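# Descriptive structure summary
Okay, here's what each chain looks like letter by letter:
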Amino acid sequence: MPEPLLPAAIAELLVRMPGWSGDTNGLMRTYRFHDFTAAMAFMHGAAPAIDQLDHHPEWSNVYNRVSVTLRTHDAGDRVTELDVKLARLLDAEAARHL
Ligand code: H2B
């Protein structure tokens with residue numbers, strides 16, 4: 001089971017994660033795509049890799065936007081390395097649909 005990251009570690013990571021914000025309770029980002037179809041393609045495109053990682057985002061869609069919160073339920077809803085990994089995975093997939 002991954003350990004929660006310390007506040008200082010999260011702050012340091014966020015400096016090099018453009019678009020992301022958050023704290024020990026969650027990493028947050030809202031992606032904006034051209035339209036609804038692109039937003040859906042992003043969510044569907046990311047789904048297999050998310051399942052393979054076995055670590056899932058809390059995310060919601062409004063038209064062309066997808067808002068994401070990442071935290072680890074198995075670690076008391078704190079941010080762990082798995083959330084950082086998932087953030088990078090989502091950024092890579094989003095770049096394919098922007
Ligand atoms: N996703 C997130 N965000 N946190 C978890 O703790 C988590 C998960 N646990 N996806 C996984 C699934 C766990 O429930 C399964 C049984 O591995």
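Residues numbered from 1 in each chain as written. Predicted model: local features only at pLDDT ≥ 70, side-chain atom pairs only at ≥ 80, totals over all residues. Heavy atoms only, no water.

## Examining the site of the ligand
- All residues in the neighbourhood of the ligand are listed as Asp-54, His-55, His-56, Arg-71, Thr-72, His-73 and Asp-74.
- With respect to the ligand, the side chain of Asp-54 contributes an N or O atom lying 2.4 Å from an oxygen atom.
- Measuring from a nitrogen atom of the ligand, one finds a backbone N or O atom of His-73 at 3.1 Å.
- For the ligand, the protein covers 67% of the area, taking 390 Å² as the surface of the free molecule.
- Per-class residue counts for the shell around the ligand are no nonpolar, four polar and three charged. (Near = heavy atom within 4 Å. Polar contact = N/O pair within 3.5 Å; in protein donor to acceptor, adjacent residues only side chain to side chain. Areas by Shrake-Rupley, 256 points an atom, 1.4 Å probe, with all protein chains shown as cover. Nonpolar A, V, L, I, M, F, W, Y, C, P; charged D, E, K, R; others polar.)

## Details of the sheet that holds strand E1 (residues 21–23)
- Pairing is antiparallel across the open sheet formed by four strands, whose spatial order is E1-E2-E4-E3. Of all the strands in the sheet, the pair left with one neighbour each is E1 and strand E3 (58–62). The mean inter-strand angle of the sheet, taken between neighbouring strand axes irrespective of direction, is 15°.
- Strand direction decides the pairing type here: strand E2 (residues 26–32) and strand E4 (residues 65–70), joined by six bridges, are antiparallel. Within the sheet, the bridge partner assigned to Met-28 lies in E4 and is Thr-69. (Pairing = 2+ DSSP bridges. Helix = DSSP H or I, 4+ residues; strand = E, 2+ residues; numbered from the N terminus. Axes fitted to C-alpha atoms, helices over the stretch in contact; angles between N-to-C directions.)

## What about the packing of aromatic side chains?
- As enumerated under the stated definition, the model contains five aromatic pairs in all.
- Relative to Tyr-31, the ring of Trp-20 has its centre 6.3 Å away and its plane inclined at 85°; by these criteria the two rings are edge-to-face. Remark: Tyr-31 occurs in strand E2 and Trp-20 occurs in the loop between helix H1 (7–15) and E1; sequence separation between them is 11 residues. Judged on exposure class, the residue Trp-20 and its partner Tyr-31 are both buried. (Phe/Tyr/Trp six-rings, centres within 6.5 Å; stacked < 30°, edge-to-face > 60°. Buried < 20%, exposed > 50% of the residue type's maximum accessible area, 1.4 Å probe, protein only.)

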